[in-house]
Amino acid sequence: MTVVENAEQAKKDPSYLKALTELVYQLADDDFIISFRGAEWLGLAPHIEEDVAFSSITQNTMGHAVMFYELLEELGEGNADVLAHERTLEQRRNGIYLEKRNGEGAYHEEPYYDWALAVVRNYFYETFKKIKMEAISTSSYKPLANVASKALMEQTYHLAHWKMWMNQLQHATEDARERINSRIEEAWSEFEDVLELGSYANDMLKHQLISSEDYLKEAWLKEVGVNIANPPESPLGKKYGSGRNGVHTADLKQALQTFAEVYNSDKKAVW
Amino acid sequence: MYNYVEDGDSKTTAYVEEDQEKYEQFMARIEAGEKIEADDWMPTEYRQALIKLISMHGISEIMGALPEKEWTPKAPTLRRKLGIMAKVQDEMGHGQLLLRVAEDLMKPYGKTRENLMEDLLNGDLKFHNVFHMPTKTWADAGMVGWLVDGAAIMSQTNMLDASYGPYQRALQRICQEEVFHAQHGEAIIMALAEGTDYQREILQESLNRWWPALLMFFGPSSAATTGSSKQDIMIKYRVRKSTNEELRQAFLDKYLPRVFSLGLTVPDETVHYDEKEGKWIYQQPDWNEFKQIIRNKGPRSKERLRLREIAYENNRWVRQALVPETIGS
Amino acid sequence: MDKESDFYQIYEVFSRRGKKAPMQHQFSLLAPNEEMALMMAQENFMRREEVIDVWVVKQNNVRKMSSEERQQWTKRLDNKDYRTTKGYGYLRKKWKEKEQGMLDEKEILSWKEVGKK
């Protein structure tokens, strides 16, 4: 494997650079949007102790997004804050399931947020993130491999936390089981693009940036199969399309309007 | 963040006959600087005043997370998003520490955290006046961190030697984190103060709006203003050291010069330091309004309580699902 | 139906800052079971400090001294010089007369490096 040590080297091969930036956008946008949804939950969790623990995970995850945006900055894509706040819907690469609103209502008004969705979504995402980060920790692009190894240091706790919630609620009351199961069913029809790498998947593999989509998907199915009581029999789906190709829902539009509201109020300003 | 607030119509505690000998021993202990622990004998008046103080303090932290939380997902840069999340998380964490302290004090009455939440939602447990106010712009997120927390730090550090051990230890942790909060607030404010016309404008507008609430923060200077005051009891039992007015003066001492140094003004032309009297002269805020605010009739009282209520009710199934017997632990 | 308030069980939280540090009590928290208590503990009380180990224990399972026991059992007379180096301080002068140094705490604890010269 040819190791690419830094951004200057990566920029010399246009095909490499393109596949690399696409991958890093996906990583950055996934972590950014799920931590945005986490930030909306702040103060609304089932009990105070959980609120505090959940927020640490959210902060860590946004911290990972920052590291990925900074990699893009080095690759010449522009300033990290600009990348996070200014890109249009079509330019965003996160999986669509991750942009889904936390439930009915808004975070500051009538937030009928669903803890079952939070548990299922975060458990599914963190399970996948571990697999993906491990695959990337041996990436040909050294700076990316380094960031993945760093993210894995904290991420183990995130996964353990959500796995605990998943296990406990699945084996609690009938009501809890039903709520979790119905969110699992829903996720099953929407989660697939999170597991995918978009139209540059082959180039990513060719340049040894990450393993194949098939491997990632299999590894995820195997892992969640161990922990969920009744995995749906239907195949995985991506009901709303693929976020990896810039397809998104109104939920991401709401997110974008919210997280860029102050940023957009005065673009000349230093905040 | 915190201060003890009173609406003047608190339920009066029934007079309880205390064991005179135990009472004297107790007073001797606190006067010798000893710390009282949760299972030590204590006068009913002390226990009840502490429950009221600490549960209000704790629940104010929880309610205090909400106004800033409105700006958390909206924070204008990645760094600010992270900073304000950590700050609001701390407020929830402070609520956790304080409610644990209050819960242990309430044990003899068979009350738990569930009762505290219910008391909040039905209006029996009050929360601090500042958290009934709207946060209209990003500058408010800075203002809460800088001046509201500044005022909170002033009143909390005043209790760092409190006679009640568990409260004193919680405050020690809280005050250490407040140092970060103060600097987080200052950083937001500094960027606005040195920023564009728009930024300076929202900053000044925010200060104008928050000024009366900041003065009210420390409570009335005497019972005469609002009809009751527990400050004397708190001083007698060595929970706090200074009066409301002393704390307000200390706050103005520390912060007004900084406010002016940023080129900001306060909406009170009479504000000045009187060298002869050695204190700040200011126009009294409207204490009737204060009473209304803490009776949950403030500008955002209903909405904030509604948020808490939804979070509480909407997650009830989770708490019910995990009561220990159900999962067989 | 079990009582919802039973969700709130009290756990005491302990942690260690480093390999040489002892286990130290931090605070208490509410959780429905020990798995969750452990999962909450670190982020609730040790967000900003080094931590290498965490314990949680249900408060009911801690046999604490009662208020009376604390006040009665923790008092000692100040007559136990013989148990401490304080009672042997006169040796310093004796050794000095014999032109020897005192093997005090500082000296003895420095022996962990002995033989390394």
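You'll find chain C entered in an unreviewed UniProt entry as 1,2-phenylacetyl-CoA epoxidase subunit B, with Ornithinibacillus caprae given as the organism.

### Some points on the overall build of chain C
Check the secondary structure of chain C and you find four helices and three strands. Along its sequence from the N terminus, chain C presents helices and strands in the succession β-β-α-β-α-α-α. Here chain C has a C-alpha radius of gyration of 24 Å; the compact-globule value for 117 residues is 13 Å, and the former is much larger. Taken over the C-alpha atoms alone, chain C extends approximately 80 × 45 × 20 Å along its principal axes. Per-residue burial over chain C gives 29% buried out of 117 residues. Accessible surface for chain C amounts to roughly 9,100 Å². Of this, 51% is attributable to carbon and sulfur atoms. Between the averaged position of the 25 positive side-chain charges in chain C and that of its 20 negative side-chain charges there is a distance of 8 Å.

### Notes on the packing of helix H6 (residues 115-136) of chain A against helix H11 (residues 213-227) of chain A
Residues and elements named next belong to chain A. Running from amino to carboxyl end, H6 crosses H11 at an angle of 135°, the nearest separation of the two axes being 10 Å. It follows from the interaxial angle that H6 and H11 lie oblique. Of the two possible hands of crossing, H6 and H11 adopt the one that is right-handed. Contacts between H6 and H11 pair Tyr123, Phe124, Thr127, Phe128, Ile131, Lys132 and Ala135 from the former with Tyr215, Leu216, Ala219, Trp220, Glu223, Val224 and Asn227 from the latter. Considering only residue class, the contact of H6 with H11 consists of 10 nonpolar, two polar and two charged.

### Considering the interface of chain B and chain C
Where the parts come together, the accessible area they lose is often given as the size of the interface. Across the contact, 34 residues belong to chain B and 28 residues belong to chain C. Both sides together, the interface formed by chain B and chain C hides about 2,500 Å², and carbon and sulfur atoms give 50% of it. Three residues stand out in chain B for area buried against chain C, namely Arg100, Arg173 and Arg319 of chain B, and they jointly supply 22% of the buried area on that side. At the surface where chain B touches chain C, the tally comes to eight salt bridges. The shortest N-O distance in the salt bridge between Glu177 of chain B and Arg47 of chain C comes to 3.6 Å. Between chain B and chain C we count 15 residue pairs in polar contact (both at pLDDT 80 or more) in total. For the side of chain B that touches chain C, the secondary structure elements donating two or more residues are helix H3 (78-106), helix H4 (113-121), helix H6 (165-193) and helix H13 (316-321) of chain B. It is H3 of chain B that provides the largest number of residues to the side of chain B that touches chain C, a total of nine residues. Across the side of chain B that touches chain C, the residue classes tally to 12 nonpolar, six polar and 16 charged.

### Digging into the environment of Tyr312 of chain B
Of note, Tyr312 of chain B is situated in helix H12 (residues 301-314). Taking the relative accessible area as the measure of exposure, Tyr312 of chain B reaches 6% and is therefore buried. Separated by 195 residues in the primary sequence, Tyr312 of chain B and Met117 of chain B place their C-alpha atoms 8.1 Å from one another. Beyond its immediate chain neighbours, meaning those up to four positions away, Tyr312 of chain B contacts Glu114, Met117, Glu118, Leu121 and Arg319 of chain B together with Glu4 and Tyr8 of chain C.

### Brief notes about the pairing of strand S2 (residues 24-31) of chain C
All names here are of chain C. Summarising burial for S2: six of the eight residues are buried, a large majority. Taken together, the seven bridges between strand S1 (residues 9-16) and S2 define a ladder with antiparallel strand orientation. Residue Glu12 lies in a different strand from S2, and its bridge partner there is Ser28.

### Considerations on helix H1 (residues 34-45) of chain C
For H1 of chain C, which comprises 12 residues, the first-to-last C-alpha distance of 16 Å matches the rise-based estimate of 16 Å (1.5 Å per residue) to within 8%. Residues Met36, Ala37, Met39, Met40, Ala41, Glu43, Asn44 and Phe45 of chain C constitute the buried set of H1 of chain C.

### Remarks on the confidence of the model for chain C
Here chain C shows a mean pLDDT of 93. Residues at 70 or above account for 97%. This complex was scored by the predictor with a pTM of 0.94 and an ipTM of 0.96.

### Structural notes on the environment of Gln249 of chain B
Residue and element names in this part refer to chain B. Tracing the backbone through its elements, the reader meets Gln249 in helix H10 (residues 244-261). Overall, Gln249 belongs to the buried group, its relative accessible area being 12%. A sequence separation of 34 residues divides Gln249 from Leu215, and the C-alpha atoms of the two residues are 9.8 Å apart. With residues near it in sequence (within four places) discarded, Gln249 still touches Lys279, Trp280 and Tyr282. From its side chain, Gln249 meets the backbone nitrogen of Trp280 in a polar contact 2.6 Å long.

### Points about the interface of chain B and chain A
Contacts between chain B and chain A engage 45 residues on the former and 57 residues on the latter. With both sides pooled, the region where chain B packs onto chain A buries about 4,400 Å², and carbon together with sulfur makes up 66% of that total. It is Leu78, Gln89 and Trp317 of chain B in chain B that bury the most area against chain A; as a group they hold 17% of the surface buried on that side. Scanning the region where chain B abuts chain A turns up three salt bridges. Between Arg113 of chain B and Glu49 of chain A there is a salt bridge, with its nearest N and O atoms 2.7 Å apart. Counting across the interface, chain B meets chain A through 21 residue pairs in polar contact (both at pLDDT 80 or more). Mapped onto the side of chain B that touches chain A, the elements with two or more residues apiece are helix H2 (44-69), H3, H4, H6, helix H7 (197-216), H12 and H13 of chain B. Across the side of chain B that touches chain A, the residue classes tally to 25 nonpolar, 11 polar and nine charged.

### Let's talk about the domain arrangement of chain C
Here chain C is partitioned into domain 1 (7-61) and domain 2 (83-117). Using only C-alpha atoms to locate each centre, domain 1 of chain C and domain 2 of chain C end up separated by 41 Å.

### Observations concerning unusual backbone geometry
One can expect most non-glycine residues to show negative phi and most peptide bonds to be in trans. Here the phi dihedral of Glu110 of chain A falls at roughly 45°; this positive angle occurs in a residue that is not glycine. Tracing the backbone through its elements, the reader meets Glu110 of chain A in strand S2 (residues 109-113).

The rules behind the values
Starting from 1, residues in each chain are numbered consecutively following that chain's sequence as written. To read the labels, note that chains go from A and ligands from 1, taken in the order they are written. Per-residue local features are limited, in this predicted model, to residues with pLDDT of at least 70; the limit for side-chain atom pairs, both in listing and counting, is 80 or more; totals at the level of whole chains, interfaces and linings are taken over all residues. Just so you know, side-chain values use all the structure's heavy atoms and leave hydrogens and water out. Put simply, DSSP H or I for four residues or longer makes a helix, DSSP E for two residues or longer makes a strand, and each gets a number counted from the N terminus. For the radius of gyration, the atom set is restricted to C-alpha positions; the globular benchmark scales as 2.2 Å times the number of residues to the power 0.38. Partly exposed residues are those whose accessible area sits between 20% and 50% of the maximum for their type, while under 20% is buried and over 50% is exposed, using a 1.4 Å probe and protein chains only. Areas reported as accessible are Shrake-Rupley estimates using a 1.4 Å probe. Residue values count occlusion only from the protein chains shown. Think of it this way: Lys and Arg go in the positive column, Asp and Glu in the negative one, and His and the chain ends go nowhere. By convention, charge coordinates are those of NZ in Lys, CZ in Arg, CG in Asp, or CD in Glu. Lines fitted to the C-alpha atoms define the axes, with helices restricted to the stretch that makes contact. Angles between their N-to-C directions range from 0 to 180 degrees. The cut-offs work like this: below 35 degrees is roughly parallel, past 145 is roughly antiparallel, 65 to 115 is roughly perpendicular, and the gaps in between are oblique. In a left-handed crossing the near helix is turned counterclockwise from the far helix by less than a right angle, and in a right-handed crossing that turn is clockwise. Whether two residues are in contact is decided by their heavy atoms: any pair within 4.5 Å suffices. Just so you know the grouping, Ala, Val, Leu, Ile, Met, Phe, Trp, Tyr, Cys and Pro go in nonpolar, Asp, Glu, Lys and Arg go in charged, and all remaining residues, Gly too, go in polar. Accessible area that two parts lose when put together, with a 1.4 Å probe and added across both, is what the buried area reports. Salt-bridge detection follows one rule: a side-chain nitrogen of Lys or Arg within 4 Å of a carboxyl oxygen of Asp or Glu. Under the rule applied, a polar contact is a pair of N or O atoms within 3.5 Å (in protein, one hydrogen donor and one hydrogen acceptor; residues adjacent in sequence only if both atoms are side-chain atoms). Strands were regarded as paired on the criterion that DSSP finds at least two bridges between them. What a helix is expected to span follows from its residue count: subtract one and scale by 1.5 Å. One confidence number per residue, pLDDT, is output by the predictor and ranges from 0 to 100. Those domain boundaries reflect an automatic or database domain assignment.

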